[in-house]
Amino acid sequence: MTNAGSSMITIERHIFLEQAAFPDASGTLTQLLYDIALAGKLIASRTTRAGLADILGATGDENVQGEEVQKLDLYAHRTIFQLTDHTGRLAVMASEEEKDIIAIPSKYPMGKYVLVFDPLDGSSNIDFNVSVGTIFAIYERKTESGPGTLRDVLQKGSDIVAAGYLVYGSSTMLVYAAGNGVNGFTLDPSVGEFLLSHPHIRLPERPKYYSVNQGYEKYWTEGIKRYTRWLQGEEGATQSLSLRYIGSMVADVHRTLLGGGVFYYPADSKDPKKPNGKLRLLYEANPMAFVIEEAGGYASTGRGAVRDVDPEDLHERTPLFLGSTELVRKAEEFIGQYDS
Ligand code: AHG
Ligand code: MN
Ligand code: MN
């Protein structure tokens, strides 16, 4: 082994080294990313004890701590809020778990950034010991001063300054991009540090998997049905891909990023109240699109880049196709041809 010491890069050191390339030289953004990494450690330690919540509750252990047994997504939401509300780095926040924008308490200083997050993604998987995650995006505020407003939150994906996710899986990882490529860090639980394990992630040349909830096929349009058959090697395709679908977006996108392929959640006719599918533009689609595109991929609504969508509502949903560029372009082709 050579030079083991110098290859040990903690997230703190990495963020510090990257700082020069950040649009904000003051270091505020680096601190904000570090706040999120800390929140991730706390959430990870809770999710690994998820199955114990009832047992601990029954023995009263939680009460001794003065805490109630909370749903994990609310715990994740509160953890992120509490670690970032007082820092003077944010003007406003928005979370999938909160109907309206989240104001910074007036007793704290106002900052110039905006934090948008899905505190716990894939939470229905918790009961089955399957990976879940946290998704986040950071923007600069649009308004000049005072408390941040809805206008600061309703920004296009193309305005993202930094975005990423944590995946709480067989190990805990943090993956982020801030305009200078994508890097992945794995939490070493013995020392409580995120260490750089996946530098400069690029989508592989040869895609391996397609990822979609195939159980909804009967609700799909003709274009999506044909596109899926193309991925399977029909409809004139020259390759065929394997299917993987976890049902936790973070985990499905993480695999797509590392293994190549395409993840999609199309518009379908399953629920008339959700004509654009299930995924949320602000909390899920835009941050993941940013990461995938920073790694050389592409993210689309099926009719154009996700990053160009002008959001109108905090919780609006969007069809989403992301991953290897040529596969996502092919989805646009099928939709253009059959679903006009
Ligand atoms: P959340 O747990 O934040 O509500 O998100 C769940 C999402 C996403 O993680 C996943 O891709 C999708 O739900 C799966 O939905 P289906 O069960 O309809 O496939
Ligand atoms: Mn989610
Ligand atoms: Mn969620």
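Residues numbered from 1 in each chain as written. Chains lettered and ligands numbered in written order. Predicted model: local features only at pLDDT ≥ 70, side-chain atom pairs only at ≥ 80, totals over all residues. Heavy atoms only, no water.

1. Structural notes on the packing of helix H1 (residues 11-18) against helix H2 (residues 28-47)
Let me state the cut-off plainly: Only C-alpha atoms enter the line fits that serve as axes; for helices the fit covers just the stretch in contact. Angles between N-to-C directions range over 0 to 180 degrees. Strands here are runs of E lasting at least two residues and helices are runs of H or I lasting at least four, both read from the DSSP assignment and numbered beginning at the N terminus. What sets the label is the angle itself: under 35 degrees gives roughly parallel, over 145 gives roughly antiparallel, 65 to 115 gives roughly perpendicular, and the rest give oblique. Each helix crossing is assigned a hand: it is left-handed if the near helix lies turned anticlockwise from the far helix by less than a right angle, otherwise right-handed if that turn is clockwise. For this analysis, residues touch if any pair of their heavy atoms sits within 4.5 Å. Classification convention: Asp, Glu, Lys, Arg as charged; Ala, Val, Leu, Ile, Met, Phe, Trp, Tyr, Cys, Pro as nonpolar; all other residues, Gly among them, as polar.
Taken N-terminus to C-terminus, the directions of H1 and H2 make an angle of 160 degrees; their axes are 10 Å apart at the nearest point. In terms of axis orientation, H1 runs roughly antiparallel to H2. The way H1 lies across H2 gives a crossing that is right-handed. Contact residues: H1 offers Ile 11, Glu 12 and Ile 15, while H2 offers Thr 30, Leu 33, Tyr 34 and Ala 37. A class-by-class count of the residues in the contact of H1 with H2 yields 5 nonpolar, 1 polar and 1 charged.

2. Structural notes on the coordination of the manganese ion (ligand 3)
Just so we agree on the cut-off: Metal sites are built from N, O and S donor atoms within 2.8 Å, or 3.2 Å for Na, K and Ca, and they leave out water, so they may look incomplete.
Note on the manganese ion (ligand 3): its protein donors are Glu 96 (OE), Asp 118 (OD) and Leu 120 (O). The metal-donor distances range over 2.3 Å. Look at where the donors of the manganese ion (ligand 3) fall in the sequence and you get E-x21-D-x1-L. The distance between the manganese ion (ligand 3) and the manganese ion (ligand 2) comes to 3.7 Å, with Asp 118 serving as a donor to both metals. Taken together, the positions of Glu 96 in the loop between strand E1 (90-95) and strand E2 (102-103) and Asp 118 in strand E3 (residues 113-121) put the pair 22 residues apart, joining distant regions of the chain.

3. Some details on the coordination of the manganese ion (ligand 2)
Around a metal, the perfect tetrahedron of four donors has angles of 109.5 degrees, and the perfect octahedron of six donors has angles of 90 or 180 degrees. Test applied: Buried, partly exposed and exposed residues are distinguished by accessible area as a fraction of the type maximum, computed with a 1.4 Å probe on protein chains only: under 20%, between the cut-offs, and over 50%, respectively.
Within the protein, the manganese ion (ligand 2) binds to Asp 118 (OD), Asp 121 (OD) and Glu 284 (OE); these donor distances fall in the range 1.9 to 2.1 Å. When the donor residues of the manganese ion (ligand 2) are listed from N- to C-terminus, their spacing reads D-x2-D-x162-E. Taking relative accessible area as the criterion, Asp 121 reaches 5% and is therefore assigned buried.

4. Let's talk about the site of ligand 1
This is how the line gets drawn: By convention in this text, a residue qualifies as near a molecule or strand provided that one of its non-hydrogen atoms is within 4 Å of it. Pairing of N or O atoms within 3.5 Å defines a polar contact, subject to two protein rules: one partner must be a possible hydrogen donor and the other a possible acceptor, and residues neighboring in sequence count only if both atoms are side-chain atoms. Surface accessibility in these figures is a Shrake-Rupley result with a 1.4 Å probe; residues are shielded only by whichever protein chains are displayed. A domain assignment, automatic or from a database, supplies the domain bounds used here.
Residues in close proximity to ligand 1 total 17 residues, the closest being Asp 121, Asn 213, Tyr 216, Tyr 245 and Tyr 265. Between an oxygen atom of ligand 1 and a side-chain N or O atom of Arg 280, the distance comes to 3.3 Å. For ligand 1, the protein covers 86% of the area, taking 480 Å² as the surface of the free molecule. Sort the elements by how many residues they give to the shell around ligand 1 and E3 lands first, with 3 residues. Each of domain 1 (6-201) and domain 2 (209-338) accounts for three or more of the residues forming the shell around ligand 1.

Any link to function would need more than the numbers given here.
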